[in-house]
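# Chain and residue survey
Chain by chain, the residues run as shown.
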Amino acid sequence: MTAPLAPTLLRVIDGLVPELVAFRRDLHAHPELSFQEHRTTARLRERLEAAGLEPRSVSETGLVVDLGASEPRRRVALRGDIDALPVRERTGLDWSSTVDGACHACGHDVHATALLGAGLALAEVADELAARHVAVRLLFQPAEEQMPGGALKFVREGVMQGVDTVYAVHCDPSLDVGEIGLREGPLTAAADQVTVTLRGRGGHTSRPFLTEDLTYALAKVVTDVPAVLSRRVDPRSGLVVVWGRVSAGEAINVIPSTGVAQGTLRMLDIELWEKIGPLLHEVVDDVVRPYGVDAAIEHIRGVPPVVNDTGAVAALGRATMAAGMRPVPTPHSLGGEDFAWMLHEAEGAMARLGTRTHGGRTFDLHQGDLVVDEGAVRNGATLLTLAAAGEWTRVERD
């Protein structure tokens, strides 16, 4: 980081903090679900245009903004997701959700506001970035919460063309505000949906030998499919199948003719994720074959794992230190994150943004009582800003 640029950016961000906190509260009070983020996008567009930037619409409710060099030697993208969850808020905050059954229970209001802050700060030094042959692209992305994710639609619409590095942050209520969780390699897991539907001859429970005992076969799917898969793949892949819904039958003395098990299939290994489909079908068919039932398998691919690039993680570490925050190791998660689609197009990394008040309660994401320490707004904006500004050092090395 150059001596003159970092202090300038830090001063700009610190001056923006009151506005950013108010902006985040406004987004929090008006959450919008995936691909419905019209008000959110309008508010972002209004503020970006007021700063002299030229946002353009992508995927209807997304925004992309370019600044810096027009013909760069390096282009860095910063991504912030903007959608809310279909969860009822239970915080009691003055700026609680005004939308019944929707709230920012994953912190995307923080992500969007942090990216806005980074864009406003970088706009102040856009000429200097251009002189150093660096361009910055801001990606306000909709629909992270909807598989396979709005990021995939962004990629298909070309927003990653010409991007060398991409960075993102994600709220982490297990880390104190001021801590930044960093990890090289897999950070999140591939997350797919699996539905297994069994069909067979029903009958009376007194005569299972005259039927295909579908309920018993369904129970074997629930227990044996995860067990067999765990012996058919490298355990280092982190593969796990967990069923969230199992349904069969309506009466205690009737063997049903249909039954369904639905769940998720997750793994950390991207190579396994790309070829797991045929193996899943094979294992399900083998498990149910002795019982004579027919199995229909629906495997909906969700998102690949986020795999952080070593160099990008190092850059985030330098930005963390330059901002006076504390980098800490962070474990990988089996949660899914569509930022992974962008990492298919460019190197990059996602950082965990600490949101827990020092000495305060540890909340959980996707819960209606999630409370974020608002110092995270400033920290997220600062981290993204300094990570982007630091890209000029790569130009010099090249």
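Rules behind the numbers
Residues numbered from 1 in each chain as written. Predicted model: local features only at pLDDT ≥ 70, side-chain atom pairs only at ≥ 80, totals over all residues. Heavy atoms only, no water. Pairing = 2+ DSSP bridges. Helix = DSSP H or I, 4+ residues; strand = E, 2+ residues; numbered from the N terminus. Axes fitted to C-alpha atoms, helices over the stretch in contact; angles between N-to-C directions. Expected span 1.5 Å × (residues − 1). Buried < 20%, exposed > 50% of the residue type's maximum accessible area, 1.4 Å probe, protein only. Arc of directions from axis to C-beta. Contact = heavy atoms within 4.5 Å. Core = buried A, V, L, I, M, F, W, Y, C linked by side-chain atoms within 4.5 Å.

### So, the sheet that holds strand β8 (residues 190-199)
Spatially, the four strands line up as an open sheet ordered β10-β12-β8-β13, and their pairing is antiparallel. Of all the strands in the sheet, just β10 (240-248) and β13 (294-303) have a single pairing partner and so form its edges. Shown here is a sheet whose adjacent strand axes are inclined to one another by a mean of 15°, direction ignored. Sheet topology places β8 next to β13; eight bridges connect them, and they run antiparallel.

### A closer look at helix α2 (residues 38-50)
The end-to-end C-alpha separation of α2 is 18 Å, in line with the 18 Å expected for 13 residues at 1.5 Å each. Among all positions of α2, only Thr40, Thr41, Leu44 and Leu48 are buried. Across the axial projection of α2, the buried residues extend over an arc of 90°, all falling on one side. Pointing more than 90 degrees away from the buried face of α2 are the exposed residues His38, Glu46 and Ala50. The elements touched by buried residues of α2 are α1 (5-29), β2 (62-68), α3 (108-123) and β4 (134-141). Count one or two residues on from α2 and you reach Gly52, which has phi positive near 85°.

### With respect to the nonpolar core
Ranked by size, the top nonpolar core spans 62 residues in total, and within it Leu78, Leu122, Val136, Leu138, Phe140 and Tyr167 carry the most contacts. Non-local contacts of Phe140, meaning those with residues more than four positions away in its chain, are made with Leu44, Leu48, Gly62, Leu63, Val65, Gly80, Ile82, Ala112, Leu115, Leu116 and Phe154.

### Here we look at the sheet that holds β4
The sheet built from eight strands is open, its strands ordered β1-β2-β4-β3-β5-β16-β6-β15 with mixed pairing. Two strands bound the open sheet, and with one partner strand each, they are β1 (56-58) and β15 (326-329). Going across the sheet, the axis of each strand differs from the next one's by a mean of 30°, ignoring polarity. Looking at chain direction, β1 and β2 are connected through three bridges and run antiparallel. From the neighbouring strand, Ser57 faces β2, where its bridge partner is Leu63. Contacts from α2 reach β1, β2 and β4, with the element oriented near 20° to β2. The strands that helix α9 (residues 310-322) touches are β5 (165-176), β6 (179-182), β15 and β16 (347-356); relative to β16, the one it contacts most, it runs at about 40°.

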